[in-house]
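So you can see what is in the structure, the chains are spelled out below.
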Amino acid sequence: MVDLRPKAEVRNLSFWYGSRQALKHLSFGIGEKCVTAIIGPSGCGKTTLLRCFNRMHDLYPGNRYEGEVLLHPDGVNLIGPEMDPIEVRMRISMVFQKPNPFPKAIYENVAYGLRVRGLRQRGLLDEKVEQALRDAALWEEVKDQLHAPAFELSGGQQQRLCIARALATDPEILLFDEPTSALDPIATGRVEELITELKDRVTIVIVTHNMQQAARVSNFTAFLYLGELVEFDRTEKMFTNPSNKLTEEYITGRFG
């Protein structure tokens, strides 16, 4: 059993797309104010698992969960029928594989979630937008062009804008789905630095196919294969002395 203070717990989680089972009886913890990486080959269920945390699967008919995803300290089951998916998405933000800024000004992108929550005071909006942009290491680059279209930013800046948008509502968990796969090495490095800085304030779960990235940014790693959890451990332990031969083969590139 891995020793961690959980912010969330996955308990006996299974998931189906219609009749196809994509996740099978997963159980592990998500450490509070830590980075947990989810690794595994394409099609193993990484993104499917990530999207369970904020109920993205509810947007499509025929999908079905079993088991629990508990959020602490109150212990609510995020995938329980009594939980409103909109509330879940407010508490758990997501940054996607490709930058997806809204077709709005930079300022309005960050303010969007705050407005949805009913915040109308201009002074407070300004304050929170600036803080989110600072947290995403973007403020100095955009402070003089807040009302310019977000699409005028570079790809790396757009992804940091999406991170600022996700941070603005003070989420309890921040989900990253391969956030640097569409970025160049310099922009990738900036996002990785940002993840390392942010973990002091927010719990992070990142899906990545990049083993070096998982080793650099995460505290814990979950290795999935064919919808099952093969191994979960501290990243350093898993990358230097994995318990499972399959994990070792995958991490060292001798897989299959």
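Provided above is the structure to which this section pertains.
Residues numbered from 1 in each chain as written. Predicted model: local features only at pLDDT ≥ 70, side-chain atom pairs only at ≥ 80, totals over all residues. Heavy atoms only, no water.

**Student:** Explain the sheet that holds strand β5 (residues 76-77) to me, using residue names and the numbers behind them.
**Tutor:** Across the sheet, four strands lie side by side as β2-β1-β4-β5; this open sheet has antiparallel pairing. The two strands at the open ends of the sheet, each matched to only one other strand, are β2 (20-31) and β5. (Pairing = 2+ DSSP bridges. Helix = DSSP H or I, 4+ residues; strand = E, 2+ residues; numbered from the N terminus.)

**Student:** Give a description of the packing of helix α4 (residues 122-135) against helix α6 (residues 155-167) that names residues and reports values.
**Tutor:** If you want to describe how two helices pack, look at the angle between their axes and the distance between the axes. For the pair α4 and α6, interaxial distance at closest approach is 8 Å and the crossing angle is 130°. Comparing the axis directions of α4 and α6 gives the class oblique. As for how α4 packs across α6, the hand of that crossing is right-handed. Contact with α4, carried on its side by A132, L133 and D135, involves L161, A164 and L167 of α6 and no other residues of that element. Grouping the constituent residues of the contact of α4 with α6 by class yields five nonpolar, no polar and one charged. (Axes fitted to C-alpha atoms, helices over the stretch in contact; angles between N-to-C directions. Parallel < 35°, antiparallel > 145°, perpendicular 65-115°, else oblique. Left-handed = near helix turned anticlockwise from the far one by under 90°. Contact = heavy atoms within 4.5 Å. Nonpolar A, V, L, I, M, F, W, Y, C, P; charged D, E, K, R; others polar.)

**Student:** Quick rundown of the sheet that holds strand β3 (residues 35-39)? Include the residues and the values.
**Tutor:** Taken together, six strands build an open sheet; the order of strands is β6-β7-β8-β3-β9-β10 and the sheet is mixed. Each edge of the open sheet carries a strand with a single partner, namely β6 (92-95) and β10 (228-234). Here the average twist between neighbouring strands, direction ignored, is 15°. In this fold helix α1 (residues 46-53) packs onto β3, β6, β7 (173-177), β8 (203-207) and β9 (220-225), with an angle of close to 155° to the strand it touches most, β7. Most of the contacts of α6 go to β6, to which it runs at about 175°, and overall it touches β6 and β7.

**Student:** If you had to explain helix α3 (residues 106-116) to someone new, which residues and values would you point to?
**Tutor:** Within α3 the residues assigned to the buried category are I106, Y107, N109, V110, A111, G113 and L114. Of the surrounding secondary structure, the elements contacted by the buried residues of α3 are α2 (85-91), α4, α5 (139-142) and α6. (Buried < 20%, exposed > 50% of the residue type's maximum accessible area, 1.4 Å probe, protein only.)

**Student:** Quick rundown of the nonpolar core? Include the residues and the values.
**Tutor:** L133, I163 and L174 are the most contacted members of the largest nonpolar core, which totals 45 residues. Apart from the residues lying within four places of it in its own chain, the contact partners of I163 are V95, A136, F176, V191, L194 and L198. (Core = buried A, V, L, I, M, F, W, Y, C linked by side-chain atoms within 4.5 Å.)

**Student:** Can you break down the environment of L26 residue by residue, with the values?
**Tutor:** Structurally, L26 is set in strand β2. Residue L26 is classed as buried on the basis of its relative accessible area of 0%. L26 has contacts with V10, R11, N12, L13, L49, L224, G227, E228 and L229, leaving out every residue within four places of it along the chain.

**Student:** Talk me through the pattern of salt bridges; I want residue IDs and the actual numbers.
**Tutor:** Scanning the entire structure with this criterion turns up 21 salt bridges. One salt bridge connects E66 with R64, and the closest N-O pair in it is separated by 3.1 Å. By relative accessible area, which is 38% here, R64 ends up partly exposed. A salt bridge links D233 to K237, with the nearest nitrogen and oxygen atoms 3.8 Å apart. Classification of D233 by relative accessible area gives buried; the value is 15%. (Salt bridge = Lys/Arg side-chain N within 4 Å of Asp/Glu carboxyl O.)

**Student:** Could you give me a rundown of the side chain of Q213, with the residues and numbers involved?
**Tutor:** As for its placement among the helices and strands, Q213 is situated in helix α8 (residues 211-217). Using a relative accessible area of 2% as the deciding quantity, one classes Q213 as buried. When neighbours within four sequence positions are excluded, Q213 is seen to be in contact with T180, T188, E192, I206 and T208.

**Student:** Let's hear about the packing of α3 against α6: which residues, and what values?
**Tutor:** Packing of α3 against α6 leaves a shortest axis separation of 7 Å and a crossing angle of 30°. As far as their axial angle goes, α6 and α3 are roughly parallel. With respect to the hand of their crossing, α3 and α6 are arranged in right-handed fashion. Residues I106, N109 and V110 of α3 touch α6, and the partners they reach there are L161, A164 and R165.

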